[in-house]
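Take a look at the letters that make up each chain.
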Amino acid sequence: MPSRRLPPLRALEAFMRTVRLGSARAAAEEISLSPSALSRRITNLEEFVGKKLFTRARQSMQLTDEGQAFYEAVNPHMEALTRAVESQSDNIALLRLRLGVLPMFGSQRLFPRLGELRKRHPLLHIDIDTAPHLEDRVGDTLDAAIILSRGPASGLHAVRLDHNLVHAICSRAAAGVIGEEMSAEMLSKQTFLIHNELPESFVAWKKANELEDLEPAAIDHYDSGALMIEAAAQGLGIAIMHDDHLRRAADNRLTNLPGPDVHSPYSYWFVCKPTALESRPVRLFHDWLVRADL
């Protein structure tokens, strides 16, 4: 049987980097080529597969429909090839990712699934950082971060991980005292628990419940979602938090007050510098996170 002709691997590399970086110039810089040399490699690949993979206009290159289909078909096999080579090499060092994570997301959503990632990529190890100001440190002390935000800063590669509803969470005993009607008079006697970095959640909840003028007896501020959950369970106040936090806590001491759906101004986001996606640890984690649907 005649041997099958191998695709031009350097041309494949040029193609994959251009797609992932979204820029032919950035891809050329990454692999130390001139833009014209990179373009020639991609042309060679197009001639090999007999398809137009990009449209070219001035300095921009945009994937065609055939190019997108080609990328989706080839990318998993390129990853599999890389893993196969790594598994047979004694010279491959550990892959290290410096990841910023909010403690609540880490404990409720990330760590219960990290075993899957380790099984898939045993060489990938993650340094976890839960210190404040995660977004500001991306590209400096962090390779990437998972943040809770109204929207990441421009200039970052960002993937929205969820959409949330705001709930007023309290102990079942407190809910019994407040009652189903949830009057402004009764709520004005309560203490509310608000996260320092999510103040607009309370504003959104009051507006949806037509309680814009509500002045609680007190507002206690927290910088830890886990402690807010525990404080609410202990009857220390009404925690304004996401419905997902209540569901994943699975704490029978807690319930949420009745009311309409309140869409949160905040979502969890994965963020990194666009060029960081060419770092294998960042790309492996990013691709797994997007598919995992935590």
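To be clear, the structure that these remarks concern was listed above.
In short, a report on the structure.

About the criteria used
- Residues numbered from 1 in each chain as written.
- Predicted model: local features only at pLDDT ≥ 70, side-chain atom pairs only at ≥ 80, totals over all residues.
- Heavy atoms only, no water.
- Helix = DSSP H or I, 4+ residues; strand = E, 2+ residues; numbered from the N terminus.
- Polar contact = N/O pair within 3.5 Å; in protein donor to acceptor, adjacent residues only side chain to side chain.
- Axes fitted to C-alpha atoms, helices over the stretch in contact; angles between N-to-C directions.
- Parallel < 35°, antiparallel > 145°, perpendicular 65-115°, else oblique.
- Left-handed = near helix turned anticlockwise from the far one by under 90°.
- Contact = heavy atoms within 4.5 Å.
- Patch = residues over 30% accessible without salt bridge, like charges linked within 9 Å, V, L, I, M, F, W, Y side chains within 5 Å.
- Areas by Shrake-Rupley, 256 points an atom, 1.4 Å probe, with all protein chains shown as cover.
- Salt bridge = Lys/Arg side-chain N within 4 Å of Asp/Glu carboxyl O.
- Lys, Arg positive; Asp, Glu negative; His and termini not counted.
- Charge placed at Lys NZ, Arg CZ, Asp CG, Glu CD.
- Buried < 20%, exposed > 50% of the residue type's maximum accessible area, 1.4 Å probe, protein only.
- Pairing = 2+ DSSP bridges.
- Core = buried A, V, L, I, M, F, W, Y, C linked by side-chain atoms within 4.5 Å.

### Here's the deal with the side chain of Asp-251
Link 1 in the chain: Its place among the elements puts Asp-251 in the loop between α12 (243-249) and β11 (254-256).
Link 2 in the chain: A distance of 2.7 Å separates the side chain of Asp-251 from the side chain of Arg-253, its partner in a polar contact.

### A closer look at the packing of helix α1 (residues 9-21) against helix α3 (residues 35-49)
Link 1 in the chain: The geometry of α1 relative to α3 is characterised by a closest axis approach of 8 Å and an angle of 110 degrees between their N-to-C directions. The orientation of α1 with respect to α3, classified from their angle, is roughly perpendicular. Like other packed secondary-structure pairs, α1 and α3 cross with a definite hand, here left-handed. Mapping the contact onto sequence places Arg-10, Ala-11, Leu-12, Glu-13, Ala-14, Phe-15 and Thr-18 in α1 and Leu-38, Arg-41, Ile-42 and Leu-45 in α3.

### Examining a negative patch on the surface
Link 1 in the chain: A surface patch of like charges, here negative, comprises Glu-210, Glu-212, Asp-213 and Glu-215.
Link 2 in the chain: Looking at the secondary structure, you find Glu-215 in the loop between α10 (200-208) and β9 (218-222).
Link 3 in the chain: We classify Glu-215 as exposed; its relative accessible area is 62%.

### Quick notes on the pattern of salt bridges
Link 1 in the chain: Scanning all chains against the criterion turns up 13 salt bridges.
Link 2 in the chain: Between Glu-46 and Arg-56 there is a salt bridge, with its nearest N and O atoms 3.2 Å apart. Residue Glu-46 is found in helix α3, and its partner Arg-56 is found in strand β1 (residues 54-57); the two are separated by 10 residues along the sequence.
Link 3 in the chain: Classification of Arg-56 by relative accessible area gives partly exposed; the value is 33%.
Link 4 in the chain: The closest approach of N and O atoms between Arg-113 and Glu-116, which form a salt bridge, is 2.5 Å.

### Some thoughts on the environment of Ala-249
Link 1 in the chain: Checked against the element boundaries, Ala-249 lands in helix α12.
Link 2 in the chain: Residue contacts for Ala-249: discarding those within four places in its chain leaves Gln-108 and Ile-229.

### A few points about the sheet that holds strand β7 (residues 166-171)
Link 1 in the chain: The five strands are arranged β9-β8-β10-β7-β11 in an open sheet whose pairing can be described as mixed. The strands lining the two open edges of the sheet, one partner per strand, are β9 and β11. Ignoring which end each strand starts from, the neighbouring axes of this sheet average 35 degrees apart.
Link 2 in the chain: Two strands pair when backbone bridges link them, and β7 and β11 are joined in this way by three bridges, in the antiparallel orientation. Looking at β11, one finds that Ser-171 is bridged to Leu-254.

### What to know about unusual backbone geometry
Link 1 in the chain: Backbone geometry at His-133 places phi at a positive 60 degrees, although glycine is not the residue there.
Link 2 in the chain: Under the relative-accessibility criterion, His-133 is labelled exposed at 56%.
Link 3 in the chain: Positive phi values are uncommon outside glycine, yet Asp-293 reaches one of about 50 degrees.
Link 4 in the chain: Residue placement: Asp-293 occurs in the segment after α13 (280-292).
Link 5 in the chain: On the basis of relative accessibility, which here comes to 61%, the residue Asp-293 falls in the exposed class.

### Topic: the nonpolar core
Within soluble globular proteins, side chains that are nonpolar tend to cluster in buried spots.
Link 1 in the chain: In terms of nonpolar packing, the biggest core is built from 41 residues, with Leu-110, Phe-270, Phe-285 and Trp-288 touching the most fellow members.
Link 2 in the chain: Of all the secondary-structure elements, those providing two or more residues to this core are β3 (95-101), α5 (103-110), α6 (114-120), β5 (144-149), α11 (225-233), β10 (238-242), β12 (267-272) and α13.
Link 3 in the chain: Ranked by size, the runner-up nonpolar core spans 19 residues in total, among them Phe-15, Met-16, Ala-27 and Ile-42.

Read these as layout, nothing more, since geometry by itself doesn't imply function.
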